[in-house]
Amino acid sequence: MTAPTLADVVAVLDGLYPPGTAEGWDAVGLICGDPAARVAKVLFAVDPVADVVDEALDWGADLVVTHHPLFLRGVHSVAATTFKGAVVHRLISAGVGMYNAHTNADAAARGVADALADAVGIVERRPLVGPDGGGPDGDGLDGGGAQTGIGRVGRLAEPTTLGEFAQRVADALPPAAQGIRVAGDLAGTVSTVAVLGGSGDGFFDAVRAAGADAYVTSDLRHHPASELRERALFEGGPGGTPYLVDTAHFASEWPWLRYAATDLTAGVEAVLAGRGEAGTVTCKVSTRVSDPWTAVVHVQESPARKDQQ
Ligand SMILES: [Zn+2]
């Protein structure tokens, strides 16, 4: 068995998630690591946080692949005197590389959007926003997720209620303290669903244009969410759609990690086989919850509270 070099692994990842497809403001690619180093074990995680570095070092990873960048803006020091500098130092001292695929992984086939769409059971889907920033390319519903672009929209195999659909989302994603927040009639029918991993309240126009009954995304703020629902009720009456299903940001992006691990394993195996060598990398998906929110306290109906009202 041959272990590939970091350069080999980066080439496969760049092929799966072409850096040129990342948004202009984004920072993607190799954060630290020696391209000539051998890589046998790769850990996949959403966030480049200290807990994930702990997991990587405990497991003996040679490379950590994250979704979010460690550095999105320029820095003039990576001294271990800051939390980000400490992440870099711990990785380099242990000979561990770090690579991230962010908006290039959102858009890719079998990327963040496709993985979330599969997790919640969307079939016959297309990008919510095409790669040119406009509507989806062509008229087609490809059913296989081979297209690229932001988010995905399609139908469920069988229509269901909002309440049952939200439970399906909860069951499909890793647990996070906030749970799943829902806006809309739990008995309302959900057939067409849009999804977008990560912060999604900038895409409401596309969700409405796509005729989605429900929109699964994260980080929904009060005013955009309130106005979307008020408009839906004003225009559509009590059953007005789209409904909103808000998940933890970390959770909506997490399903991609499994796809990335599977696809990197196969990609490296193919590269090595092309050289007449047998081998690949061993991949692991992080089980650490990197959502920053740690608890939710629900309002209790107490006598003292009633007195206030
Ligand atoms: Zn994100």
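Residues numbered from 1 in each chain as written. Predicted model: local features only at pLDDT ≥ 70, side-chain atom pairs only at ≥ 80, totals over all residues. Heavy atoms only, no water.

Visitor: I would appreciate a short explanation of the side chain of His249 in the present structure.
Guide: Secondary-structure assignment places His249 in helix H9 (residues 249–253). A polar atom in the side chain of His249 sits 2.7 Å from the side chain of Asp219. If sequence neighbours within four positions are ignored, His249 has contacts with His68, Gly198, Ser199, Ser218, Asp219 and Asp291. (Helix = DSSP H or I, 4+ residues; strand = E, 2+ residues; numbered from the N terminus. Polar contact = N/O pair within 3.5 Å; in protein donor to acceptor, adjacent residues only side chain to side chain. Contact = heavy atoms within 4.5 Å.)

Visitor: Sorry if this is basic, but what is going on with the confidence of the model for the chain here?
Guide: As a general rule, the predicted coordinates of low-pLDDT regions are not to be interpreted in detail. Averaged over every residue, the pLDDT of the chain is 93; residues scoring 70 or more account for 93%. Confidence over residues 136–145 falls short of pLDDT 50; this stretch has 19 contacts with residues more than four positions distant or in other chains. (pLDDT = per-residue confidence, 0-100.)

Visitor: So what exactly am I meant to see when it comes to the domain arrangement of the chain here?
Guide: Segmentation of the chain into domains returns domain 1 (6–104 + 254–285) and domain 2 (109–252). For domain 1 versus domain 2, the distance between C-alpha centres works out to 29 Å. Domain 1 puts 12 residues into the contact, and the matching count from domain 2 is 14 residues. Across the domain 1 to domain 2 interface the summed buried area is about 1000 Å²; carbon plus sulfur atoms make up 63%. Considering only the side of domain 1, the residues that lose the most area to domain 2 are Trp254, Pro255 and Tyr259, jointly responsible for 53% of the buried surface there. Our enumeration of links across domain 1 and domain 2 arrives at 1 salt bridge. As a salt-bridge pair, Asp263 and Arg110 come within 2.8 Å of each other at their nearest N and O atoms. For the pair domain 1 and domain 2, the number of links is 5 residue pairs in polar contact (both at pLDDT 80 or more). For the side of domain 1 that touches domain 2, the class distribution of residues is 6 nonpolar, 3 polar and 3 charged. (Domains from an automatic or database assignment. Buried area = accessible area lost by both parts, 1.4 Å probe. Salt bridge = Lys/Arg side-chain N within 4 Å of Asp/Glu carboxyl O. Nonpolar A, V, L, I, M, F, W, Y, C, P; charged D, E, K, R; others polar.)

Visitor: Just checking my understanding: could you explain the coordination of the zinc ion for this structure?
Guide: Around a metal, the perfect tetrahedron of four donors has angles of 109.5 degrees, and the perfect octahedron of six donors has angles of 90 or 180 degrees. Every protein donor of the zinc ion is listed here as His68 (NE2), His249 (NE2), Glu253 (OE) and Glu253 (OE), and their distances to the metal cover 2.0 to 2.5 Å. Considering all 4 donor atoms around the zinc ion, angles at the metal cover 57 to 130 degrees and the coordination shape is irregular. (Donors = N, O, S within 2.8 Å, 3.2 Å for Na, K, Ca; no water. Tetrahedral: all angles 85-135°; square planar, octahedral: opposite > 155°, others 65-115°.)

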